[in-house]
Amino acid sequence: MSSQPLRLGLAGLGTVGIGVVKILEREAALVAARSGRPVVITAVSARDRAKNRDADLSAFAWETDPVALATRDDVDVFVEVMGGHEGPAKAATEAALAAGKHVVTANKALLAHHGQALAEAAEARGVALRFEAAVAGGIPVIKALTEGLAGNRIKRVMGVMNGTCNYILTRMQAAGLPYQTVFEEARQLGYLEADPNLDVGGIDAGHKLSLLSSIAFGTRVAFDAVELEGIGNVSIDDINLADDMGYHIKLLGVAQMTGRGLEQRMTPCLVPAESPLGQLQGGTNMVVLEGDSVGQIVLRGPGAGMGPTASAVMGDVIDIARGFVRPVFGIPATQLTPAVPARAATPAPYYLRMALLDKPGALAKIATCLGEAGISIDQMRQINREDQEDDDAIVLIVTHKASPADIEHALSQFSQTGVLVDRPVAIRIEEV
Ligand code: NAP
Ligand code: HSE
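Let us look at the side chain of arginine 37. When you line up the elements, arginine 37 lands in the loop between α2 (28–35) and β2 (39–45). Of the side chains with opposite charge, aspartate 76 comes closest to the buried, unpaired arginine 37, at an N-O distance of 4.7 Å. A polar atom in the side chain of arginine 37 sits 3.0 Å from the backbone oxygen of glutamine 4. Apart from the residues within four sequence positions on either side, arginine 37 is in contact with Met1, Ser2, Gln4, Pro5, Leu6, Val31, Ala32 and Ala321.

A separate point is the packing of α2 against helix α12 (residues 306–321). At their nearest, the axes of α2 and α12 sit 8 Å apart, and the two run at 45 degrees to each other. Overall, the two elements α2 and α12 adopt an arrangement that is oblique. Here Val31, Arg34 and Ser35 of α2 lie close against α12, whose contacting residues are Met314, Ile318 and Ala321. Class assignment for the residues of the contact of α2 with α12 results in four nonpolar, one polar and one charged.

As a structural note, the neighbourhood of ligand 2 is formed by Lys108, Asn162, Gly163, Thr164, Glu193, Asp199, Asp204, Lys208, Gly303 and Ala304. Between glutamate 193 and ligand 2, the recorded distance is 2.7 Å, taken from a side-chain N or O atom to a nitrogen atom. Lysine 208 is positioned with one of its side-chain polar atoms (N or O) 2.8 Å from an oxygen atom of ligand 2. Listing elements by their share of the shell around ligand 2, those giving two or more residues are α7 (163–175) and α10 (203–217). Split into classes, the residues belonging to the shell around ligand 2 amount to one nonpolar, four polar and five charged.

So, on to the side chain of glutamine 116. For glutamine 116, the location among the structural elements is in helix α5 (residues 108–125). Once residues within four sequence positions are removed from consideration, glutamine 116 is found in contact with Arg220, Ala333 and Leu336.

As a volume, the second largest pocket reaches approximately 1,100 Å³. Lining of the second largest pocket is provided by 30 residues; of these, Glu229, Arg423, Pro424, Val425 and Ala426 occupy positions nearest its centre. Elements that contribute at least two residues to the lining of the second largest pocket include exactly β8 (227–228), α11 (236–244), β10 (261–272), β13 (350–356), α14 (404–414) and β16 (425–429). Its residues assigned to classes, the lining of the second largest pocket shows 15 nonpolar, four polar and eleven charged.

Once that is clear, we can look at α14. Residues three or four positions apart in an α-helix share a direction because the helix packs 3.6 residues into each turn. Buried residues of α14: Pro404, Ile407, Ala410 and Phe414, and no others. In an axial view of α14, the angular spread of the buried residues amounts to 120 degrees, which keeps them on one side of the axis.

Calculation notes
Residues numbered from 1 in each chain as written. Chains lettered and ligands numbered in written order. Predicted model: local features only at pLDDT ≥ 70, side-chain atom pairs only at ≥ 80, totals over all residues. Heavy atoms only, no water. Helix = DSSP H or I, 4+ residues; strand = E, 2+ residues; numbered from the N terminus. Buried < 20%, exposed > 50% of the residue type's maximum accessible area, 1.4 Å probe, protein only. Lys, Arg positive; Asp, Glu negative; His and termini not counted. Salt bridge = Lys/Arg side-chain N within 4 Å of Asp/Glu carboxyl O. Polar contact = N/O pair within 3.5 Å; in protein donor to acceptor, adjacent residues only side chain to side chain. Contact = heavy atoms within 4.5 Å. Axes fitted to C-alpha atoms, helices over the stretch in contact; angles between N-to-C directions. Parallel < 35°, antiparallel > 145°, perpendicular 65-115°, else oblique. Nonpolar A, V, L, I, M, F, W, Y, C, P; charged D, E, K, R; others polar. Near = heavy atom within 4 Å. 1 Å grid on protein atoms, 1.4 Å probe; cavity = no way out; pocket = protein on both sides within 12 Å on 5 of 7 lines; lining within 4 Å. Points joined across faces, edges and corners; volume = space filled by probe spheres on them. Arc of directions from axis to C-beta.

So this is what it looks like as C-alpha coordinates:
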(Lines give C-alpha, C1' and ligand atoms only; values in the text may rest on other atoms or scores of the structure.)
(Ligands and ions follow the chains in the order given, each with its own letter.)
Protein backbone atom coordinates (compact mmCIF):
# COMPACT_ATOMS: atom_id res chain seq x y z
CA MET A 1 0.00 0.00 0.00
CA SER A 2 1.23 3.49 -0.85
CA SER A 3 1.48 5.88 2.08
CA GLN A 4 0.74 8.81 -0.25
CA PRO A 5 -2.89 9.75 0.52
CA LEU A 6 -5.39 10.77 -2.13
CA ARG A 7 -6.55 14.23 -1.02
CA LEU A 8 -10.13 15.37 -1.60
CA GLY A 9 -11.50 18.90 -1.73
CA LEU A 10 -15.22 18.65 -0.99
CA ALA A 11 -17.47 21.44 -2.30
CA GLY A 12 -20.96 21.04 -0.86
CA LEU A 13 -21.82 19.83 2.65
CA GLY A 14 -25.46 18.92 2.13
CA THR A 15 -27.05 15.49 1.74
CA VAL A 16 -24.38 14.06 -0.57
CA GLY A 17 -21.36 15.90 0.85
CA ILE A 18 -22.02 14.95 4.47
CA GLY A 19 -22.65 11.38 3.31
CA VAL A 20 -19.10 11.34 1.90
CA VAL A 21 -17.68 12.77 5.15
CA LYS A 22 -19.48 10.05 7.11
CA ILE A 23 -18.25 7.16 4.96
CA LEU A 24 -14.67 8.37 5.26
CA GLU A 25 -15.08 8.87 9.01
CA ARG A 26 -16.55 5.40 9.50
CA GLU A 27 -14.69 3.34 6.91
CA ALA A 28 -11.26 4.96 6.50
CA ALA A 29 -9.39 1.65 6.87
CA LEU A 30 -11.65 -0.23 4.44
CA VAL A 31 -11.46 2.57 1.86
CA ALA A 32 -7.66 2.68 2.20
CA ALA A 33 -7.38 -1.09 1.78
CA ARG A 34 -9.53 -1.02 -1.35
CA SER A 35 -7.80 2.06 -2.74
CA GLY A 36 -4.26 0.89 -2.00
CA ARG A 37 -3.68 4.21 -0.21
CA PRO A 38 -5.39 6.39 2.38
CA VAL A 39 -8.15 8.70 1.16
CA VAL A 40 -8.53 11.92 3.13
CA ILE A 41 -10.48 15.16 2.93
CA THR A 42 -8.19 18.17 3.19
CA ALA A 43 -10.55 21.09 2.57
CA VAL A 44 -14.27 21.79 2.30
CA SER A 45 -16.59 24.53 1.11
CA ALA A 46 -20.26 25.45 1.53
CA ARG A 47 -22.24 28.67 1.77
CA ASP A 48 -22.77 28.89 5.52
CA ARG A 49 -19.79 28.05 7.71
CA ALA A 50 -21.82 28.32 10.92
CA LYS A 51 -24.44 25.73 9.97
CA ASN A 52 -24.64 22.63 12.20
CA ARG A 53 -23.97 19.71 9.86
CA ASP A 54 -24.04 16.67 12.16
CA ALA A 55 -20.40 15.83 11.33
CA ASP A 56 -17.00 16.83 12.68
CA LEU A 57 -15.42 19.08 10.07
CA SER A 58 -12.77 20.58 12.36
CA ALA A 59 -9.85 18.77 10.70
CA PHE A 60 -10.60 20.27 7.28
CA ALA A 61 -9.51 23.63 5.92
CA TRP A 62 -12.47 25.88 5.01
CA GLU A 63 -12.70 27.71 1.69
CA THR A 64 -15.43 30.26 1.11
CA ASP A 65 -14.88 30.15 -2.64
CA PRO A 66 -15.33 26.74 -4.32
CA VAL A 67 -12.98 27.83 -7.14
CA ALA A 68 -10.20 28.43 -4.60
CA LEU A 69 -10.95 25.00 -3.10
CA ALA A 70 -10.79 23.33 -6.51
CA THR A 71 -7.30 24.66 -7.24
CA ARG A 72 -5.60 24.18 -3.85
CA ASP A 73 -2.18 22.51 -3.93
CA ASP A 74 -3.30 19.98 -1.32
CA VAL A 75 -6.31 18.80 -3.37
CA ASP A 76 -5.92 15.90 -5.86
CA VAL A 77 -9.63 15.29 -6.46
CA PHE A 78 -12.29 18.00 -6.51
CA VAL A 79 -15.61 16.55 -5.34
CA GLU A 80 -18.43 18.80 -6.57
CA VAL A 81 -21.68 18.16 -4.71
CA MET A 82 -23.16 21.66 -4.67
CA GLY A 83 -25.53 21.42 -7.65
CA GLY A 84 -26.64 23.85 -10.36
CA HIS A 85 -25.52 23.83 -13.96
CA GLU A 86 -24.05 27.32 -13.99
CA GLY A 87 -22.42 29.45 -11.29
CA PRO A 88 -19.94 28.02 -8.79
CA ALA A 89 -20.41 24.36 -9.73
CA LYS A 90 -19.43 25.03 -13.34
CA ALA A 91 -16.70 27.56 -12.55
CA ALA A 92 -15.07 25.37 -9.91
CA THR A 93 -15.26 22.20 -12.03
CA GLU A 94 -13.65 24.01 -14.97
CA ALA A 95 -10.97 25.46 -12.68
CA ALA A 96 -10.22 22.05 -11.17
CA LEU A 97 -9.83 20.41 -14.58
CA ALA A 98 -7.67 23.28 -15.86
CA ALA A 99 -5.44 22.83 -12.80
CA GLY A 100 -5.08 19.10 -13.59
CA LYS A 101 -7.26 17.84 -10.74
CA HIS A 102 -9.55 14.84 -11.03
CA VAL A 103 -13.24 15.67 -10.55
CA VAL A 104 -16.06 13.59 -9.07
CA THR A 105 -19.53 15.11 -9.29
CA ALA A 106 -23.13 14.13 -8.54
CA ASN A 107 -24.40 16.95 -10.73
CA LYS A 108 -26.47 15.65 -13.65
CA ALA A 109 -27.63 19.13 -14.66
CA LEU A 110 -24.03 20.33 -15.06
CA LEU A 111 -23.08 17.37 -17.26
CA ALA A 112 -26.30 17.39 -19.26
CA HIS A 113 -25.59 21.01 -20.23
CA HIS A 114 -21.79 21.08 -20.38
CA GLY A 115 -20.72 17.42 -20.53
CA GLN A 116 -18.93 17.62 -23.86
CA ALA A 117 -16.74 20.63 -23.01
CA LEU A 118 -15.95 19.30 -19.53
CA ALA A 119 -15.09 15.84 -20.89
CA GLU A 120 -12.77 17.35 -23.50
CA ALA A 121 -11.09 19.46 -20.81
CA ALA A 122 -10.60 16.45 -18.52
CA GLU A 123 -9.26 14.22 -21.25
CA ALA A 124 -6.89 16.90 -22.56
CA ARG A 125 -5.33 17.01 -19.07
CA GLY A 126 -5.39 13.23 -18.61
CA VAL A 127 -7.57 13.44 -15.49
CA ALA A 128 -10.78 11.68 -14.53
CA LEU A 129 -14.23 13.26 -14.55
CA ARG A 130 -16.60 10.81 -12.89
CA PHE A 131 -20.33 11.09 -12.18
CA GLU A 132 -21.76 7.79 -10.93
CA ALA A 133 -23.96 9.53 -8.33
CA ALA A 134 -25.51 11.75 -10.99
CA VAL A 135 -27.57 8.95 -12.57
CA ALA A 136 -29.88 6.76 -10.50
CA GLY A 137 -28.13 7.57 -7.20
CA GLY A 138 -26.71 4.44 -5.62
CA ILE A 139 -27.14 2.20 -8.69
CA PRO A 140 -23.73 1.72 -10.38
CA VAL A 141 -25.20 2.13 -13.86
CA ILE A 142 -22.36 4.24 -15.33
CA LYS A 143 -19.88 1.58 -14.31
CA ALA A 144 -22.12 -1.15 -15.73
CA LEU A 145 -22.37 0.61 -19.10
CA THR A 146 -18.76 1.81 -19.45
CA GLU A 147 -17.07 -1.29 -18.05
CA GLY A 148 -19.13 -4.44 -17.56
CA LEU A 149 -21.07 -4.03 -20.82
CA ALA A 150 -18.23 -2.43 -22.82
CA GLY A 151 -18.15 -5.42 -25.18
CA ASN A 152 -21.78 -4.93 -26.21
CA ARG A 153 -23.49 -2.83 -28.81
CA ILE A 154 -26.21 -1.26 -26.68
CA LYS A 155 -29.65 -1.52 -28.26
CA ARG A 156 -31.85 0.24 -25.75
CA VAL A 157 -31.62 2.00 -22.40
CA MET A 158 -34.78 2.36 -20.34
CA GLY A 159 -35.65 3.29 -16.86
CA VAL A 160 -37.38 5.01 -14.02
CA MET A 161 -34.78 7.55 -12.93
CA ASN A 162 -36.65 10.02 -10.77
CA GLY A 163 -37.62 8.66 -7.39
CA THR A 164 -39.89 11.57 -6.56
CA CYS A 165 -42.09 10.96 -9.60
CA ASN A 166 -42.23 7.25 -8.89
CA TYR A 167 -43.17 8.00 -5.29
CA ILE A 168 -45.98 10.32 -6.43
CA LEU A 169 -47.37 7.87 -9.01
CA THR A 170 -47.25 4.81 -6.73
CA ARG A 171 -48.69 6.74 -3.78
CA MET A 172 -51.57 8.05 -5.95
CA GLN A 173 -52.32 4.48 -6.94
CA ALA A 174 -52.02 2.95 -3.45
CA ALA A 175 -54.08 5.64 -1.70
CA GLY A 176 -56.44 6.54 -4.54
CA LEU A 177 -55.44 10.19 -4.17
CA PRO A 178 -55.30 12.87 -6.87
CA TYR A 179 -52.01 14.25 -8.18
CA GLN A 180 -52.18 17.61 -6.42
CA THR A 181 -52.73 16.05 -2.97
CA VAL A 182 -49.77 13.70 -3.34
CA PHE A 183 -47.61 16.45 -4.83
CA GLU A 184 -48.22 18.48 -1.64
CA GLU A 185 -47.41 15.41 0.50
CA ALA A 186 -44.12 14.99 -1.37
CA ARG A 187 -43.35 18.65 -0.77
CA GLN A 188 -44.03 18.25 2.98
CA LEU A 189 -41.79 15.19 3.09
CA GLY A 190 -38.94 17.16 1.48
CA TYR A 191 -38.83 14.89 -1.59
CA LEU A 192 -39.08 17.67 -4.15
CA GLU A 193 -36.15 19.62 -5.58
CA ALA A 194 -36.09 23.35 -4.73
CA ASP A 195 -37.58 23.83 -8.20
CA PRO A 196 -40.21 21.02 -8.24
CA ASN A 197 -40.50 21.21 -12.01
CA LEU A 198 -37.05 19.58 -12.23
CA ASP A 199 -38.72 16.47 -10.79
CA VAL A 200 -42.35 16.49 -11.93
CA GLY A 201 -41.56 18.13 -15.28
CA GLY A 202 -39.26 15.22 -16.13
CA ILE A 203 -36.19 17.47 -16.47
CA ASP A 204 -34.04 15.78 -13.82
CA ALA A 205 -34.80 12.36 -15.29
CA GLY A 206 -34.18 13.76 -18.80
CA HIS A 207 -30.73 14.95 -17.70
CA LYS A 208 -29.94 11.43 -16.49
CA LEU A 209 -31.23 9.76 -19.65
CA SER A 210 -29.12 12.07 -21.86
CA LEU A 211 -25.97 11.03 -19.97
CA LEU A 212 -26.74 7.32 -20.33
CA SER A 213 -27.49 7.81 -24.06
CA SER A 214 -24.11 9.37 -24.63
CA ILE A 215 -22.29 6.40 -23.11
CA ALA A 216 -24.59 3.80 -24.67
CA PHE A 217 -24.50 5.15 -28.23
CA GLY A 218 -21.17 7.01 -28.41
CA THR A 219 -22.89 10.34 -29.07
CA ARG A 220 -22.37 13.78 -27.57
CA VAL A 221 -24.74 14.54 -24.71
CA ALA A 222 -27.94 15.89 -26.28
CA PHE A 223 -30.25 16.84 -23.43
CA ASP A 224 -32.07 19.42 -25.58
CA ALA A 225 -33.14 16.60 -27.89
CA VAL A 226 -34.89 14.57 -25.17
CA GLU A 227 -38.68 14.56 -25.70
CA LEU A 228 -39.92 15.55 -22.26
CA GLU A 229 -43.32 15.27 -20.68
CA GLY A 230 -43.80 15.39 -16.92
CA ILE A 231 -46.35 13.69 -14.69
CA GLY A 232 -48.48 16.77 -13.90
CA ASN A 233 -51.30 15.62 -16.20
CA VAL A 234 -51.47 12.03 -14.98
CA SER A 235 -54.86 11.65 -13.33
CA ILE A 236 -56.01 9.19 -10.72
CA ASP A 237 -58.67 8.08 -13.23
CA ASP A 238 -55.98 7.04 -15.70
CA ILE A 239 -53.98 5.29 -12.99
CA ASN A 240 -57.07 3.29 -11.94
CA LEU A 241 -58.23 2.48 -15.48
CA ALA A 242 -54.72 1.39 -16.47
CA ASP A 243 -54.56 -0.79 -13.36
CA ASP A 244 -57.85 -2.47 -14.31
CA MET A 245 -56.26 -3.43 -17.62
CA GLY A 246 -53.08 -4.80 -15.98
CA TYR A 247 -50.83 -1.76 -16.43
CA HIS A 248 -49.10 0.76 -14.18
CA ILE A 249 -48.16 4.30 -15.20
CA LYS A 250 -44.48 5.25 -14.88
CA LEU A 251 -42.38 8.23 -15.88
CA LEU A 252 -40.26 6.14 -18.21
CA GLY A 253 -37.10 7.09 -20.03
CA VAL A 254 -36.29 5.30 -23.26
CA ALA A 255 -33.26 5.86 -25.49
CA GLN A 256 -32.49 3.90 -28.63
CA MET A 257 -30.50 4.37 -31.79
CA THR A 258 -32.65 3.95 -34.90
CA GLY A 259 -31.97 4.21 -38.63
CA ARG A 260 -33.33 7.79 -38.43
CA GLY A 261 -31.20 8.85 -35.48
CA LEU A 262 -31.26 8.84 -31.70
CA GLU A 263 -34.65 8.59 -30.00
CA GLN A 264 -34.67 9.86 -26.43
CA ARG A 265 -37.90 10.33 -24.54
CA MET A 266 -38.86 10.77 -20.91
CA THR A 267 -42.64 10.55 -20.74
CA PRO A 268 -45.43 8.89 -18.76
CA CYS A 269 -45.99 5.38 -20.15
CA LEU A 270 -48.08 2.35 -19.32
CA VAL A 271 -45.99 -0.72 -18.51
CA PRO A 272 -47.28 -4.21 -17.65
CA ALA A 273 -48.10 -4.26 -13.93
CA GLU A 274 -46.28 -7.57 -13.46
CA SER A 275 -43.04 -6.44 -15.17
CA PRO A 276 -40.04 -5.39 -13.04
CA LEU A 277 -40.69 -1.75 -14.03
CA GLY A 278 -44.40 -2.08 -13.26
CA GLN A 279 -43.61 -3.47 -9.81
CA LEU A 280 -41.29 -0.59 -8.87
CA GLN A 281 -42.56 1.16 -5.74
CA GLY A 282 -41.85 4.49 -4.05
CA GLY A 283 -38.59 6.36 -4.56
CA THR A 284 -36.71 3.39 -5.97
CA ASN A 285 -35.05 3.67 -9.40
CA MET A 286 -34.65 1.01 -12.08
CA VAL A 287 -32.52 1.00 -15.20
CA VAL A 288 -32.91 -1.61 -17.92
CA LEU A 289 -29.98 -2.05 -20.30
CA GLU A 290 -30.16 -4.14 -23.47
CA GLY A 291 -26.98 -5.26 -25.20
CA ASP A 292 -26.59 -7.35 -28.34
CA SER A 293 -24.56 -10.03 -26.60
CA VAL A 294 -25.73 -9.89 -23.01
CA GLY A 295 -29.47 -9.48 -23.62
CA GLN A 296 -31.35 -7.59 -20.91
CA ILE A 297 -29.88 -6.42 -17.59
CA VAL A 298 -32.09 -4.92 -14.86
CA LEU A 299 -30.54 -2.72 -12.18
CA ARG A 300 -32.69 -1.63 -9.27
CA GLY A 301 -31.91 0.41 -6.17
CA PRO A 302 -32.15 3.69 -4.29
CA GLY A 303 -31.96 6.69 -6.58
CA ALA A 304 -31.36 9.31 -3.92
CA GLY A 305 -30.46 9.94 -0.29
CA MET A 306 -27.32 10.41 1.75
CA GLY A 307 -26.03 6.83 1.90
CA PRO A 308 -26.74 5.77 -1.69
CA THR A 309 -25.33 8.91 -3.35
CA ALA A 310 -22.25 8.99 -1.13
CA SER A 311 -21.75 5.30 -1.94
CA ALA A 312 -21.63 6.20 -5.65
CA VAL A 313 -19.26 9.14 -5.08
CA MET A 314 -16.92 6.90 -3.09
CA GLY A 315 -16.93 4.26 -5.83
CA ASP A 316 -15.62 6.92 -8.21
CA VAL A 317 -13.08 8.24 -5.68
CA ILE A 318 -11.71 4.75 -5.03
CA ASP A 319 -11.28 4.10 -8.76
CA ILE A 320 -9.25 7.31 -8.99
CA ALA A 321 -7.19 6.32 -5.94
CA ARG A 322 -6.42 3.03 -7.71
CA GLY A 323 -5.11 5.03 -10.67
CA PHE A 324 -7.98 4.15 -13.00
CA VAL A 325 -8.78 6.90 -15.49
CA ARG A 326 -11.10 6.15 -18.43
CA PRO A 327 -12.77 8.38 -21.00
CA VAL A 328 -15.61 10.31 -19.40
CA PHE A 329 -18.36 8.92 -21.66
CA GLY A 330 -16.66 5.60 -22.42
CA ILE A 331 -14.86 6.62 -25.62
CA PRO A 332 -12.65 9.71 -26.04
CA ALA A 333 -14.81 12.84 -26.05
CA THR A 334 -13.36 13.98 -29.40
CA GLN A 335 -14.65 10.74 -30.96
CA LEU A 336 -18.23 11.12 -29.70
CA THR A 337 -20.45 11.83 -32.70
CA PRO A 338 -23.05 14.62 -32.71
CA ALA A 339 -26.40 13.02 -31.93
CA VAL A 340 -28.90 13.19 -34.78
CA PRO A 341 -32.15 13.60 -32.86
CA ALA A 342 -35.09 11.59 -34.10
CA ARG A 343 -38.61 12.02 -32.85
CA ALA A 344 -39.95 8.81 -31.41
CA ALA A 345 -41.45 6.81 -34.27
CA THR A 346 -41.33 3.26 -33.00
CA PRO A 347 -44.94 1.99 -33.11
CA ALA A 348 -46.57 0.94 -29.84
CA PRO A 349 -50.06 0.29 -28.57
CA TYR A 350 -51.71 3.38 -27.06
CA TYR A 351 -54.16 3.94 -24.23
CA LEU A 352 -56.72 6.60 -25.15
CA ARG A 353 -59.26 8.05 -22.74
CA MET A 354 -61.81 10.64 -23.68
CA ALA A 355 -65.07 12.16 -22.52
CA LEU A 356 -67.65 12.24 -25.33
CA LEU A 357 -71.11 13.76 -25.65
CA ASP A 358 -73.43 10.88 -24.89
CA LYS A 359 -75.39 11.01 -28.14
CA PRO A 360 -75.91 8.65 -31.10
CA GLY A 361 -72.97 8.43 -33.48
CA ALA A 362 -70.39 10.06 -31.16
CA LEU A 363 -68.31 6.92 -30.74
CA ALA A 364 -68.61 6.11 -34.44
CA LYS A 365 -67.02 9.46 -35.29
CA ILE A 366 -64.03 8.68 -33.05
CA ALA A 367 -63.69 5.20 -34.52
CA THR A 368 -63.75 6.71 -38.00
CA CYS A 369 -60.90 9.11 -37.14
CA LEU A 370 -58.84 6.18 -35.91
CA GLY A 371 -59.62 4.12 -38.99
CA GLU A 372 -58.73 6.98 -41.32
CA ALA A 373 -55.39 7.41 -39.49
CA GLY A 374 -54.69 3.71 -40.11
CA ILE A 375 -55.04 2.85 -36.43
CA SER A 376 -56.69 -0.39 -35.46
CA ILE A 377 -58.64 -0.73 -32.20
CA ASP A 378 -57.71 -3.58 -29.87
CA GLN A 379 -60.11 -2.90 -26.97
CA MET A 380 -62.83 -0.34 -26.44
CA ARG A 381 -65.22 0.23 -23.58
CA GLN A 382 -67.47 2.85 -22.07
CA ILE A 383 -66.94 3.54 -18.38
CA ASN A 384 -69.94 4.19 -16.19
CA ARG A 385 -68.82 5.71 -12.94
CA GLU A 386 -71.13 5.88 -9.95
CA ASP A 387 -69.94 9.39 -9.12
CA GLN A 388 -70.62 10.61 -12.64
CA GLU A 389 -72.94 13.62 -12.43
CA ASP A 390 -73.27 14.57 -16.08
CA ASP A 391 -74.33 12.65 -19.15
CA ASP A 392 -70.89 12.51 -20.75
CA ALA A 393 -69.61 9.13 -21.81
CA ILE A 394 -66.09 8.20 -20.71
CA VAL A 395 -64.61 6.02 -23.42
CA LEU A 396 -61.47 3.98 -23.13
CA ILE A 397 -59.69 2.66 -26.21
CA VAL A 398 -56.56 0.55 -26.44
CA THR A 399 -55.11 0.54 -29.93
CA HIS A 400 -52.99 -2.02 -31.70
CA LYS A 401 -49.47 -0.77 -32.44
CA ALA A 402 -49.53 2.67 -34.01
CA SER A 403 -46.84 5.25 -34.72
CA PRO A 404 -46.74 8.36 -32.52
CA ALA A 405 -47.33 10.48 -35.65
CA ASP A 406 -50.51 8.55 -36.53
CA ILE A 407 -51.77 8.91 -32.97
CA GLU A 408 -51.09 12.65 -33.05
CA HIS A 409 -52.94 12.91 -36.36
CA ALA A 410 -55.94 10.99 -35.00
CA LEU A 411 -56.07 13.22 -31.90
CA SER A 412 -56.11 16.31 -34.07
CA GLN A 413 -58.97 14.78 -36.08
CA PHE A 414 -60.90 13.98 -32.88
CA SER A 415 -61.03 17.68 -32.11
CA GLN A 416 -62.84 18.30 -35.44
CA THR A 417 -65.67 15.90 -34.65
CA GLY A 418 -67.59 18.13 -32.26
CA VAL A 419 -68.23 15.22 -29.88
CA LEU A 420 -65.31 15.70 -27.47
CA VAL A 421 -66.16 17.19 -24.08
CA ASP A 422 -62.57 17.48 -22.91
CA ARG A 423 -59.02 17.05 -24.19
CA PRO A 424 -58.40 13.35 -24.80
CA VAL A 425 -55.58 11.57 -22.99
CA ALA A 426 -53.13 9.42 -24.98
CA ILE A 427 -50.45 7.38 -23.19
CA ARG A 428 -48.03 5.04 -24.90
CA ILE A 429 -47.95 1.41 -23.74
CA GLU A 430 -44.28 0.46 -23.64
CA GLU A 431 -43.08 -3.06 -24.31
CA VAL A 432 -40.60 -3.75 -21.53
P1 NAP B 1 -27.97 20.04 -0.78
O2 NAP B 1 -28.30 19.13 0.36
O3 NAP B 1 -28.85 21.18 -1.08
O4 NAP B 1 -26.49 20.59 -0.49
C5 NAP B 1 -25.86 21.49 -1.35
C6 NAP B 1 -24.58 21.96 -0.66
O7 NAP B 1 -23.88 22.81 -1.55
C8 NAP B 1 -24.84 22.73 0.61
O9 NAP B 1 -23.89 22.37 1.59
C10 NAP B 1 -24.63 24.18 0.19
O11 NAP B 1 -24.11 25.01 1.22
C12 NAP B 1 -23.57 24.01 -0.88
N13 NAP B 1 -23.61 25.10 -1.84
C14 NAP B 1 -24.64 25.47 -2.62
N15 NAP B 1 -24.29 26.55 -3.34
C16 NAP B 1 -23.03 26.85 -2.99
C17 NAP B 1 -22.13 27.88 -3.34
N18 NAP B 1 -22.49 28.83 -4.22
N19 NAP B 1 -20.91 27.89 -2.79
C20 NAP B 1 -20.53 26.96 -1.88
N21 NAP B 1 -21.37 25.97 -1.50
C22 NAP B 1 -22.59 25.93 -2.03
O23 NAP B 1 -27.79 19.22 -2.14
P24 NAP B 1 -27.55 17.67 -2.30
O25 NAP B 1 -28.87 16.98 -2.21
O26 NAP B 1 -26.44 17.22 -1.46
O27 NAP B 1 -27.16 17.61 -3.86
C28 NAP B 1 -25.88 17.96 -4.29
C29 NAP B 1 -25.71 17.52 -5.74
O30 NAP B 1 -25.92 16.12 -5.82
C31 NAP B 1 -26.70 18.14 -6.73
O32 NAP B 1 -26.07 18.30 -7.97
C33 NAP B 1 -27.79 17.07 -6.82
O34 NAP B 1 -28.51 17.13 -8.03
C35 NAP B 1 -26.95 15.84 -6.75
N36 NAP B 1 -27.68 14.64 -6.32
C37 NAP B 1 -28.34 14.65 -5.15
C38 NAP B 1 -29.01 13.52 -4.74
C39 NAP B 1 -29.72 13.44 -3.42
O40 NAP B 1 -30.27 12.40 -3.10
N41 NAP B 1 -29.74 14.49 -2.62
C42 NAP B 1 -29.00 12.38 -5.56
C43 NAP B 1 -28.29 12.40 -6.75
C44 NAP B 1 -27.64 13.55 -7.12
P45 NAP B 1 -24.96 25.32 2.56
O46 NAP B 1 -25.15 24.01 3.24
O47 NAP B 1 -24.08 26.23 3.35
O48 NAP B 1 -26.24 25.93 2.10
N1 HSE C 1 -34.89 14.57 -7.34
C2 HSE C 1 -34.18 13.37 -7.67
C3 HSE C 1 -35.14 12.19 -7.59
C4 HSE C 1 -33.01 13.20 -6.72
O5 HSE C 1 -36.25 12.34 -7.06
O6 HSE C 1 -34.82 11.12 -8.08
C7 HSE C 1 -31.96 12.27 -7.23
O8 HSE C 1 -31.40 12.69 -8.42
